[in-house]
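Spelled out from the first residue to the last, the chains are:
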Amino acid sequence: MMNLKPVFDPKTLSTSKIYLIDCVQYRYVRTDGSGKNSRYVFAPLPNQRKTSDISLNSTKLGIKCQVIEGIVYQPPKEQNVVQMGLL
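What counts, and at which threshold
Residues numbered from 1 in each chain as written. Predicted model: local features only at pLDDT ≥ 70, side-chain atom pairs only at ≥ 80, totals over all residues. Heavy atoms only, no water. Helix = DSSP H or I, 4+ residues; strand = E, 2+ residues; numbered from the N terminus. Buried < 20%, exposed > 50% of the residue type's maximum accessible area, 1.4 Å probe, protein only. Contact = heavy atoms within 4.5 Å. Areas by Shrake-Rupley, 256 points an atom, 1.4 Å probe, with all protein chains shown as cover. Pairing = 2+ DSSP bridges. Axes fitted to C-alpha atoms, helices over the stretch in contact; angles between N-to-C directions. Core = buried A, V, L, I, M, F, W, Y, C linked by side-chain atoms within 4.5 Å. Salt bridge = Lys/Arg side-chain N within 4 Å of Asp/Glu carboxyl O.

We now examine the overall build of the protein chain. Broken down by element type, the protein chain carries one helix and six strands. Here the protein chain holds 87 residues, and the buried ones make up 28% of them. Taking contacts inside the protein chain between residues at least 6 apart in sequence as the whole, the part at least 24 apart equals 45%. Taken as a whole, the protein chain presents about 6700 Å² of accessible surface, with 51% of it coming from carbon and sulfur.

Here it is in structure tokens:
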């Protein structure tokens, strides 16, 4: 079972945490704007039904966004492909 906690304080957003918004898992990307006009941008994790970024203001953040506790976002490792040429 997932342990979910609502996000009431935008200062607690972290790029290493996974967030559940409208039943889709997202990662926090960045904050656009400042002060009362701040928008918090989230990108869906791979293999989710949504594929585009969403942005929430601070009010919607407290209503829709929950952090999934105990799970850390790990970006996919870059795969270095080395081709050996046959001489």
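What follows concerns the pairing of strand 6 (residues 65–72). Where strand 1 (residues 3–6) lies against strand 6, four bridges are found, and the strand directions are antiparallel. Directly across from P6, in strand 6, lies its bridge partner Q66.

The next point concerns the sheet that holds strand 3 (residues 24–32). By definition, the strands of a sheet pair up through backbone hydrogen bonds, in either a parallel or an antiparallel sense. One open sheet holds the six strands; their spatial order is 1-6-2-3-4-5, and the pairing between them is antiparallel. Every interior strand has two partners, whereas the edge strands, strand 1 and strand 5 (54–56), have only one. Between one strand axis and the next, the sheet turns by 45 degrees as a mean value, whatever way the strands run. Alignment of strand 2 (residues 17–21) against strand 3, held across four bridges, turns out to be antiparallel. Across the sheet, I18 pairs through a bridge with R27, a residue of strand 3.

What follows covers the nonpolar core. Grouped together as the largest cluster of nonpolar side chains are 13 residues, with contacts concentrated most on V7, L13, Y19, F42, L61 and C65. Listing elements by their share of this core, those giving two or more residues are strand 2, strand 3, strand 4 (39–44) and strand 6. Looking at this core, the element that brings in the most residues is strand 3, giving three residues. For L13, the contacting residues outside a window of four places in its chain are V7, Y19, Y28, Y40, F42 and L61. Listed in part, the five residues of the second largest apolar core include L20, L45, I68 and Y73.

Moving on to the pattern of salt bridges. Taken as a whole and judged by the stated rule, the model has three salt bridges. Close ionic contact of E69 with K5 constitutes a salt bridge, the shortest N to O distance being 3.9 Å. Placement of the pair is E69 in strand 6 and K5 in strand 1, with a sequence separation of 64 residues. Residue E69 is classed as partly exposed on the basis of its relative accessible area of 34%. The partly exposed category is assigned to K5, whose relative accessible area is 43%. For the salt bridge of K64 with D22, the shortest nitrogen-to-oxygen distance reads 3.5 Å. With a gap of 42 residues between them, K64 in helix 1 (residues 58–64) and D22 in the loop between strand 2 and strand 3 connect regions that are remote in the sequence. You can call K64 partly exposed: its relative accessible area is 33%.

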